[in-house]
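# Breakdown of the fold
Here are the chains, one letter per residue:
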Amino acid sequence: MARDRDRIAGDRPPLLGITMGDPAGIGPEVVAKALAKASVRRGCRLLVIGSFPVMERALKLLRSPLKAVKVTDVGLVSAGPKQVPVWDPLPQPLDSFEIGKAAPETGAASVSFITEAVRLAEAGLIDAMVTAPINKEAMHMGGYRYPGHTELLADLTKSTEVGMMILGGPLKIMFTTTHVALRELPEKLTVTAIVKAIRLADLALRESFCIRKPRIGVAALNPHAGEHGLFGDEEQTTIQPAVAQARLAGIDASDPLPADTLFGKAARGAYDGVVALYHDQGLIPLKLVAFGTCVNMTVGLPIIRTSVDHGTAYDIAGRGVAEPGSLLEAIKLAAQLVRIRRQAARTGSRRTSR
Ligand SMILES: NC(=O)c1ccc[n+]([C@@H]2O[C@H](COP(=O)([O-])OP(=O)(O)OC[C@H]3O[C@@H](n4cnc5c(N)ncnc54)[C@H](O)[C@@H]3O)[C@@H](O)[C@H]2O)c1
Ligand SMILES: N[C@H](C(=O)O)[C@H](O)COP(=O)(O)O
């Protein structure tokens, strides 16, 4: 069905739903700044999914030349060059909350925007969703106990094999685990979890980045890859067996490699993608080389979702100083992924370059 829809969509400019994120954070500001760039509107149409009064307030704060307009039918989104179409799914207007502070009502609202975007994407009313940052503490206060968008989206779309990939500069990194306390990490790093991450990295590199046979670098957990068991044995007991399984499935995955040099090698072109074992292992190199322009994408969903590389930045929210660079890149990538998916639907195959 999705394939038929893609075929019918043809070359119509993609309609991207941009969720506003946590209203108390910098999400509304970066959305307002990004939409003010003429370049971002070239080749795609944009619909903000969020609170209408909050969007109006963000545009006012920035003294933006743009004006928010309320959309009443998502099937008929049209906007002039100075307009920001907003689809507000909240039953009551959200207007009294404190900027820069986690609260149940803003946390719950940020989940409503995501839920609505998924509904619209599954109904074929938007072609992809791009998410501005949520605050996980606020989301929990609002009653939604998810570690992040990734797991919420997996649940909403009933998807079983989903993972977080973040792209920045020369790096494309797939995460085996996402938001996990370090003390709980060893028990989460199972053979199954690592094979899944390698498989999802391979899938994304082939289908979204058109690499025929991706070379995947797999990170070790311990210093010097454990040095034959001297500094930990997860490399031998878990990571190497996962690599062996992935290879049986035809995937070009490396042995577990010392993480202190792997990311540099990947950045210089030795690997098309890297499988990191935990959040900061992959995010430190990514954000060191490309914070502000990285893009997070969820792999394994039936819908397209990209996101920013930053959080709600409560420390600067409401001051008008937040940079929109990562959101601009996330929008660009979402539009590109829509085109790749449409092309694949037209030819009935995935286009690959190597
Ligand atoms: N995509 C997402 O939804 C997403 C991503 C990362 C973090 N988060 C959440 O955001 C909250 C805060 O997380 P954090 O403090 O670790 O990270 P953060 O990215 O919000 O802030 C880290 C630092 O970077 C600065 N910064 C962030 N984005 C910026 C921008 N666009 N322009 C200028 N400066 C910017 C902040 O001012 C702060 O000093 C947490 O709840 C976290 O879970 C959400
Ligand atoms: N780990 C991500 C980052 O630091 O950029 C982020 O928290 C987003 O995760 P979700 O897309 O699952 O919300």
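Position numbers for residues start from 1 in each chain and track the written sequence from start to end. Here chains are named by letter from A upward and ligands by number from 1 upward, in the order in which they appear as written. In keeping with the model being predicted, local features are shown solely for residues with a pLDDT of at least 70 and side-chain atom pairs are shown and tallied solely at 80 or more, while totals for entire chains, interfaces and linings include all residues. The side-chain quantities take in all heavy atoms of the structure and omit both hydrogens and water.

Looking at an unreviewed UniProt entry, one finds the chain named 4-hydroxythreonine-4-phosphate dehydrogenase and attributed to Nitrospira tepida. Regarding the chain, the UniProt comment filed under Subunit (unreviewed entry) reads as follows: "Homodimer." UniProt positions are given in the numbering used here, feature names are shortened, and annotations may be inferred rather than shown by experiment. Taken from UniProt, the Pathway (unreviewed entry) comment for the chain reads in full: "Cofactor biosynthesis; pyridoxine 5'-phosphate biosynthesis; pyridoxine 5'-phosphate from D-erythrose 4-phosphate: step 4/5."

Moving on, we come to the overall build of the chain. To qualify as a helix, a DSSP run of H or I must reach at least 4 residues; to qualify as a strand, a run of E must reach at least 2; elements of each kind are numbered from the N terminus. A tally of helices and strands in the chain yields 13 helices and 12 strands. Here the C-alpha radius of gyration of the chain, 20 Å, is about what a compact globule of 354 residues would show, namely 20 Å. If you line up the chain on its principal axes, its C-alpha atoms span 60 × 45 × 35 Å. Note on exposure labels: buried denotes an accessible area under 20% of the residue type's maximum, exposed denotes more than 50%, and partly exposed covers the range between, all computed with a 1.4 Å probe on protein chains only. For the chain, with 354 residues in total, the buried portion stands at 53%. Only heavy atoms matter for contacts: two residues are in contact if any of them lie within 4.5 Å across the pair. For the chain, the share of sequence-separated contacts (at least 6 apart) that also reach a separation of at least 24 residues comes to 74%. For the accessible areas, the method is Shrake-Rupley and the probe is 1.4 Å, while residue cover comes only from the protein chains on display. Element-wise, carbon and sulfur atoms account for 53% of the exposed surface of the chain, whose accessible area totals about 15,700 Å². We treat Lys and Arg as the positive residues and Asp and Glu as the negative residues; His and chain ends play no part in the count. For charged residues, the charge sits on one atom: NZ in Lys, CZ in Arg, CG in Asp, CD in Glu. Averaging the positions of the 43 positive and the 35 negative side-chain charges in the chain gives two centres separated by 8 Å. As a reference, a globule follows 2.2 Å times the number of residues to the power 0.38, and the radius of gyration itself is taken over C-alpha atoms.

At a closest axis distance of 8 Å, the pairing of helix α9 (residues 191-207) and helix α10 (residues 234-248) adopts a crossing angle of 45°. The angle between α9 and α10 falls in the class oblique. Here α9 runs over α10; the crossing is right-handed. Residues Val191, Ile194, Val195 and Ile198 of α9 lie in contact with α10, whose contacting residues are Thr237, Thr238, Ile239, Pro241, Ala242, Val243, Gln245 and Ala246. For the contact of α9 with α10, the residue count by class is nine nonpolar, three polar and no charged. For every element, the axis is a line fit to its C-alpha atoms; helices are fit only across the contacting stretch, and the angle between N-to-C directions ranges from 0 to 180 degrees. Comment on the angle field: the value is read as roughly parallel under 35 degrees, roughly antiparallel over 145, roughly perpendicular from 65 to 115, and oblique elsewhere. What makes a crossing left-handed is the near helix being turned counterclockwise from the far one by less than a right angle; a clockwise turn instead makes it right-handed. Here the term charged refers only to Asp, Glu, Lys and Arg, the term nonpolar to Ala, Val, Leu, Ile, Met, Phe, Trp, Tyr, Cys and Pro, and the term polar to all other amino acids, Gly among them.

With that out of the way, let us pick up the UniProt feature "binding site: a divalent metal cation" (unreviewed entry) in the chain. The feature "binding site: a divalent metal cation" (unreviewed entry), as given by UniProt, occupies His179, His224 and His279 in the numbering adopted here. Taking the farthest pair of C-alpha atoms as the criterion, the annotated set spanning 101 residues is dispersed, since that pair is 24.3 Å apart. Its place among the elements puts His179 in the loop between β7 (171-175) and α8 (185-188). For His179, the residues in contact, after removing those within four places along its chain, are Lys136, Pro147 and His279. Following the sequence through the fold, His279 ends up in helix α12 (residues 279-290). Discounting chain neighbours no more than four positions away, the residues touching His279 are Phe175, Thr177, Thr178 and His179.

Moving on, we come to the site of ligand 2. Every residue close to ligand 2 is listed here: Lys136, Gly148, His149, Thr150, Met164, His179, His279, Leu283, Lys287, Asn296, Arg305 and Asp309. As used in this structure description, the phrase polar contact means that two N or O atoms lie within 3.5 Å; if the pair is within protein, one of them must be able to donate a hydrogen and the other to accept it, and residues adjacent in sequence are counted only when both atoms belong to side chains. Arg305 has a polar side-chain atom sitting 3.0 Å from an oxygen atom of ligand 2. Element by element, the count of residues in the shell around ligand 2 is highest for α12, at three residues. Across the shell around ligand 2, the residue classes tally to two nonpolar, six polar and four charged. As annotated, the domain borders come from an automatic or database domain assignment. Both domains that meet at the shell around ligand 2, namely domain 1 (1-159 + 301-354) and domain 2 (163-300), each give it at least three residues. We call a residue near a given molecule or strand whenever any one of its heavy atoms falls within 4 Å of it.

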